[in-house]
Amino acid sequence: MTKQSIHSFFRADHERLRGLFAEFQERKMTDFPAARRAFQGFAVGLRRHIVWEEEILFPLFEAKTGMKNGGPTHVMRLEHVDIRGYLSALEERVARGETDGGGTDSQLMQLLSEHDGKEEGILYPSIDMLIGADELAEAFRRIEAVAEPASGCSCCSG
Ligand SMILES: [Fe+2]
Ligand SMILES: [Fe+2]
């Protein structure tokens, strides 16, 4: 795990999460249980991704640059609030067995696409430039230590 950069690791996780969401969208009309499992993987993974960023990655950037309020991580944290909001709204729909995302699905994907693009374009490459090999190894050690959230989404329990 420690052989890769922050950029490559987090970009790969963005792609993995987008793939799970695409699987959910593709299968929800024909195989709802399978679609719901893909959605659960997406929801759990997205929440963990945000925890990695807010608790490990962003503090590194903030410590190195002195930029916190008003800086790029501040903007990313604000966008995470909206992302979590869309995710919870969609979770409620999936829990009710609804196949129609009611527009929340496209709003979430639109926001995630813009958000991920900014992180991949600016934030991750900056962090890779700012930290040394020891700090990179320590960051990955802490990333690995973050457990999956105890409860995933309410839609899949039971
Ligand atoms: Fe993010
Ligand atoms: Fe991200």
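The structure under discussion appears in the preceding block.
These numbers were taken from a predicted model, which means no experiment stands behind them.

Caption draft 1: Local environment of the overall build of the chain. What the chain contains, in helices and strands, is 5 helices and 0 strands. When the helices and strands of the chain are listed from N to C terminus, the series reads α-α-α-α-α. A globule of 158 residues ought to have a C-alpha radius of gyration of about 15 Å, and the chain, at 16 Å, matches this closely. Considering only contacts within the chain whose residues lie at least 6 apart along the sequence, 71% involve residues at least 24 apart.

Caption draft 2: Expanded view of the nonpolar core. Membership of the largest hydrophobic core comes to 15 residues, with the highest contact counts inside it found for Leu20, Phe24, Phe39 and Phe42. Counting residues per element, the ones that place at least two in this core are α1 (6–27), α2 (32–65), α3 (72–95) and α4 (104–130). The element best represented in this core is α2, accounting for 5 residues. Ignoring anything within four residues of it in the chain, the contact list for Leu20 reads Ala38, Gly41, Phe42 and Gly45. Leu57, Phe61, Tyr124 and Ile131 belong to the second-largest nonpolar core, a separate cluster that totals 10 residues.

Caption draft 3: Main features of the environment of Thr65. The topology assignment puts Thr65 in helix α2. On a C-alpha basis, the gap between Thr65 and Ala133 in space is 18 Å, while along the polypeptide they are 68 residues apart.

Caption draft 4: Quick look at the environment of Glu92. By secondary structure assignment, the location of Glu92 is in helix α3. Note on Glu92: 13 C-beta atoms within 10 Å, which makes it partly exposed. Distance in space between the C-alpha atoms of Glu92 and Ala133 is 42 Å, their sequence separation being 41 residues.

Caption draft 5: Just the packing of α2 against α4, in detail. Two elements in contact, α2 and α4, have axes whose closest approach is 10 Å; the angle formed by their N-to-C orientations is 60 degrees. Looking at the two axes, α2 sits oblique to α4. Crossing of α2 against α4: the hand is left-handed. For the pair formed by α2 and α4, the contact residues are Leu57, Leu60, Phe61 and Lys64 on the first element and Leu123, Ser126, Ile127 and Leu130 on the second. Classifying every residue of the contact of α2 with α4 by side-chain character gives 6 nonpolar, 1 polar and 1 charged.

Caption draft 6: Summary view of α2. Over its 34 residues, α2 runs 46 Å from end to end, which matches the ideal 50 Å to within 8%, given 1.5 Å per residue. Taking the largest bend as the criterion, α2 deviates by roughly 35 degrees, centred on Glu53. Burial in α2 covers these residues: Ala38, Phe39, Gln40, Gly41, Phe42, Ala43, Leu46, His49, Glu53, Leu57, Phe58 and Phe61. Considering only its buried residues, α2 is in contact with α1, α3 and α4.

Criteria and cut-off values
For every chain, the first residue of its written sequence is number 1, and the numbers climb from 1 along that sequence. Numbering of ligands from 1 and lettering of chains from A proceed in the order in which they are written. Local features in this predicted model are restricted to residues whose pLDDT is 70 or higher, and side-chain atom pairs enter the listing and the counts only when it is 80 or higher, whereas totals over whole chains, interfaces and linings include all residues. Per the convention used, a helix needs a DSSP run of H or I reaching at least four residues, while a strand needs a run of E reaching at least two, with both numbered from the N terminus. Here the radius of gyration uses the C-alpha set of atoms, whereas the globule reference equals 2.2 Å times the residue count to the power 0.38. Two residues qualify as a contact pair if the distance between their C-beta atoms, derived from the backbone, is within 7 Å. Residues enter a nonpolar core if they are buried, belong to Ala, Val, Leu, Ile, Met, Phe, Trp, Tyr or Cys, and are joined to the set through C-beta atoms within 7 Å. Note on burial: count the other C-beta atoms lying within 10 Å of the residue's C-beta; 20 or more is buried, 12 or fewer is exposed, in between is partly exposed, and C-beta positions come from the backbone. Axis definition: a line fitted to C-alpha atoms, over the contacting stretch in the case of helices. Angles run 0 to 180 degrees between N-to-C directions. When an angle is under 35 degrees it counts as roughly parallel; over 145 it counts as roughly antiparallel; between 65 and 115 it counts as roughly perpendicular; any other value is oblique. Left-handed is the label given to a crossing in which the near helix is rotated counterclockwise from the far helix by less than a right angle, and right-handed is the label when the rotation is clockwise. Three residue categories are used. Nonpolar comprises Ala, Val, Leu, Ile, Met, Phe, Trp, Tyr, Cys and Pro, charged comprises Asp, Glu, Lys and Arg, and polar comprises the others, including Gly. Here, expected helix span is obtained from the residue count minus one, scaled by 1.5 Å. The term bend refers to the angle at a residue between two fitted axes, each drawn through seven residues, those ending there and those starting there.

Geometric descriptors of this kind do not, in isolation, establish any biological role.
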